[in-house]
Amino acid sequence: VQLQASGGGLVQTGGSLRLSCVASGHALSDSHVAWFREAPGKEREFVTAVSWNGRTTYDAVSVKGRFSISRDYAKNTVYLQMTNLKPEDSGVYYCAASQTRFVRLGRSETDFFYWGQGTQVTVSS
């Protein structure tokens, strides 16, 4: 099973980016999916998550109203649309998927079994 995160880049404050997480060897429809991020010198933190059926989402307070997570079941892909980006949003963004859909939708790293390699997001001031 591989998760491939992409779409990161350099953007100015107030700009937008869309990250993608594509899975191979696993149907994301069978998993909850989340995005985490890690800034230099800081611990990895939860950003947002979506349930296997797309009916429930959780957002970190810091991104609420600016970021949104969505699914494309046909493409086996989960997206993170980021708008009104701020310098503090900079970091490596990781997508993660639960092993099955029969576990709770959580916000902790331990709630997710499969991890992508990360994509760098840099927001300049």
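Read on for an overview of the structure. Since we're looking at a predicted model, the values are computed, not measured.

Quick look at the overall build of the chain now. Secondary structure assignment for the chain yields zero helices and eleven strands. Relative to the 2.2 N^0.38 estimate, which gives 14 Å for 125 residues, the radius of gyration of the chain is 13 Å and therefore close to what a compact globule would have. When the backbone C-alpha atoms are referred to their principal axes, the chain occupies close to 40 × 25 × 25 Å. Burial status across the chain gives 46% buried among its 125 residues. For the chain, the proportion of contacts with a sequence separation of at least 24, taken over those separated by at least 6, is 60%. When the accessible area of the chain is evaluated, it comes to approximately 6,400 Å², of which 48% is carbon and sulfur surface. Here the chain carries 13 positive and 10 negative side-chain charges, and the mean point of each set is 6 Å from the other.

Our next topic: the state of the cysteines. Working definition of a disulfide: a covalent bond connecting the sulfur atoms of two cysteines. Within this structure, the stated rule accounts for one disulfide. Each sulfur of the disulfide joining Cys 21 and Cys 95 lies 2.2 Å from the other. With the S-S bond torsion at 70°, the cross-link from Cys 21 to Cys 95 turns out right-handed. Taken together, the residues span a long stretch of sequence, with Cys 21 in strand β3 (residues 17-24) and Cys 95 in strand β9 (residues 91-97) at a distance of 74 residues. Summarising the burial analysis for this pair, Cys 21 and Cys 95 share the class buried.

Taken together, four strands build an open sheet; the order of strands is β1-β3-β8-β7 and the sheet is antiparallel. With partners counted over all chains shown, the strands left at the sheet margins are β1 (2-6) and β7 (67-72), one partner each. Ignoring which end each strand starts from, the neighbouring axes of this sheet average 15° apart. By the bridge criterion, six bridges tie β7 to strand β8 (residues 77-82) in an arrangement that is antiparallel. In the sheet register, Ser 70 faces β8, and the bridge partner there is Tyr 79.

Another point: the environment of Val 121. You can see Val 121 is positioned in strand β11 (residues 119-124). Judged by relative accessible area, which is 0%, Val 121 ranks as buried. For the pair Val 121 and Asn 76, spaced 45 residues apart in sequence, the C-alpha separation works out to 22 Å. If sequence neighbours within four positions are ignored, Val 121 has contacts with Gly 8, Gly 9, Leu 17, Leu 19, Met 82, Asp 89, Ser 90, Gly 91 and Tyr 93.

For the rest of this paragraph, the subject is the pairing of β3. In this structure, β1 lies alongside β3, joined through five bridges in antiparallel fashion. When the sheet's bridge partners are listed, Gln 4 is paired in β3 with Val 22. Pairing of β3 with β8, which is carried by six bridges, proceeds in the antiparallel orientation. Bridging from a neighbouring strand, Val 22 pairs with Thr 77 of β8.

What counts, and at which threshold
Starting afresh in each chain, residues are numbered from 1 along the sequence in its written order. Local features in a predicted model are, by the rule used here, given only for residues with pLDDT of at least 70; side-chain atom pairs are given and counted only at 80 or more, and totals for whole chains, interfaces and linings are based on all residues. Side-chain measures were taken over the full set of non-hydrogen atoms in the model, leaving aside hydrogen atoms and water. Each helix is a run of DSSP H or I of at least 4 residues and each strand a run of E of at least 2, with the numbering of both proceeding from the N terminus. C-alpha atoms define the radius of gyration in this analysis, and the globule rule sets the expected value at 2.2 Å times the number of residues to the power 0.38. With a 1.4 Å probe rolled over the protein chains alone, any residue whose accessible area is under 20% of its type maximum counts as buried; one over 50% counts as exposed, and the rest are partly exposed. In this description, contact between two residues means that some pair of their heavy atoms is separated by no more than 4.5 Å. Accessibility throughout is a Shrake-Rupley quantity obtained with a 1.4 Å probe, and a residue counts as covered only by protein chains that appear here. Lys and Arg are tallied as positive, Asp and Glu as negative. Neither His nor the chain termini are counted. Here the site of a charge means atom NZ of a Lys, CZ of an Arg, CG of an Asp or CD of a Glu. Note that a disulfide, as used here, is simply two cysteine sulfur atoms within 2.5 Å. Strand pairing is defined by DSSP finding a minimum of two bridges between the two strands. Helix axes are fitted to C-alpha atoms over the stretch in contact, other axes to C-alpha atoms as well, and angles between N-to-C directions run from 0 to 180 degrees.

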